[in-house]
Amino acid sequence: PPDVEVLGRSTWTLLHSIAATYPPTPTPKEQSDIKSFMRLFSKLYPCWVCAEDFQAYMQKREVKAGSRDEFGNWLCEAHNEVNRKLGKPTFDCRKWEERWRTGWKD
Ligand code: FAD
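Residues numbered from 1 in each chain as written. Predicted model: local features only at pLDDT ≥ 70, side-chain atom pairs only at ≥ 80, totals over all residues.

(A) Representation of the overall build of the protein within the structure. Counting its secondary structure elements, the protein contains five helices and zero strands. Seen in sequence order, the protein has helices and strands lined up from the N terminus as α-α-α-α-α. Scaling as 2.2 N^0.38, a compact globule of 106 residues should have a C-alpha radius of gyration of about 13 Å, and the protein matches this with 14 Å. Across its three principal axes, the protein shows a C-alpha extent of roughly 35 × 35 × 25 Å. In the protein, which comprises 106 residues, the share counted as buried stands at 12%. Within the protein, contacts between residues separated by at least 24 positions form 52% of all contacts whose residues are at least 6 apart in sequence. (Helix = DSSP H or I, 4+ residues; strand = E, 2+ residues; numbered from the N terminus. Rg over C-alpha atoms; globule rule 2.2 N^0.38 Å. Buried ≥ 20, exposed ≤ 12 C-beta atoms within 10 Å, placed from the backbone. Contact = placed C-beta atoms within 7 Å.)

This is the structure we're talking about:
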């Protein structure tokens, strides 16, 4: 499998970009689709230790998908959990949309 860091960086880009395009007011189908996607993603992610820990996290903190804001923040918190595990600085989740959707202002 590809390098765990390269894989991780690309995957977070994909996941946060999906959050950025998730509807502000999703239909019930869109909500169940994103939950299915995340559940399957956590099983198929090709870094097995990463996947195992992420699945355990998802059992403690169920995916929130009631709105773009909810999902974006849920994902940001999940990413922060991995940041903490790896000793990386955590990200201020009030800024996830600026980082991943609207772009930094400066
Ligand atoms: P990354 O963590 O890849 O982040 C990329 C960019 O996202 C950052 O530069 C920043 O601008 C932004 N960002 C940072 N935090 C947040 C946040 N909370 N919300 C929104 N944006 C943010 N690696 C391991 O070694 N062990 C593991 O167990 C492991 N588990 C992983 C589980 C998953 C589900 C994923 C997707 C990746 C996992 N990784 C794991 C990889 C790890 O998270 C990093 O992707 C990798 O170490 C590269 O880190 P990076 O410093 O380039 O930044």
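(B) The arrangement of the site of the ligand in detail. Among the 22 residues in the neighbourhood of the ligand, the closest are listed as Gly8, Cys50, Cys76, His79 and Phe91. Put simply, the parts of the chain that give the shell around the ligand at least two residues each are helix H1 (4-21), helix H3 (48-60), helix H4 (68-85) and helix H5 (96-102). When residues of the shell around the ligand are assigned to their parent elements, the largest contribution, seven residues, is made by H1. The class makeup of the residues in the shell around the ligand is 11 nonpolar, six polar and five charged. (Near = placed C-beta within 6 Å. Nonpolar A, V, L, I, M, F, W, Y, C, P; charged D, E, K, R; others polar.)

(C) Representation of the nonpolar core. One finds Ala19, Tyr22, Ile34, Met38, Ala65, Phe71, Trp74, Leu75, Cys76, Trp96 and Trp100 forming the largest nonpolar core, which totals 11 residues. The set of elements that each furnish at least two residues to this core consists of helix H2 (28-44), H4 and H5. Top element by residues in this core is H4. It accounts for four residues. When sequence neighbours within four positions are dropped, the list of residues in contact with tyrosine 22 reads Ile34, Arg68 and Phe71. (Core = buried A, V, L, I, M, F, W, Y, C linked by C-beta atoms within 7 Å.)

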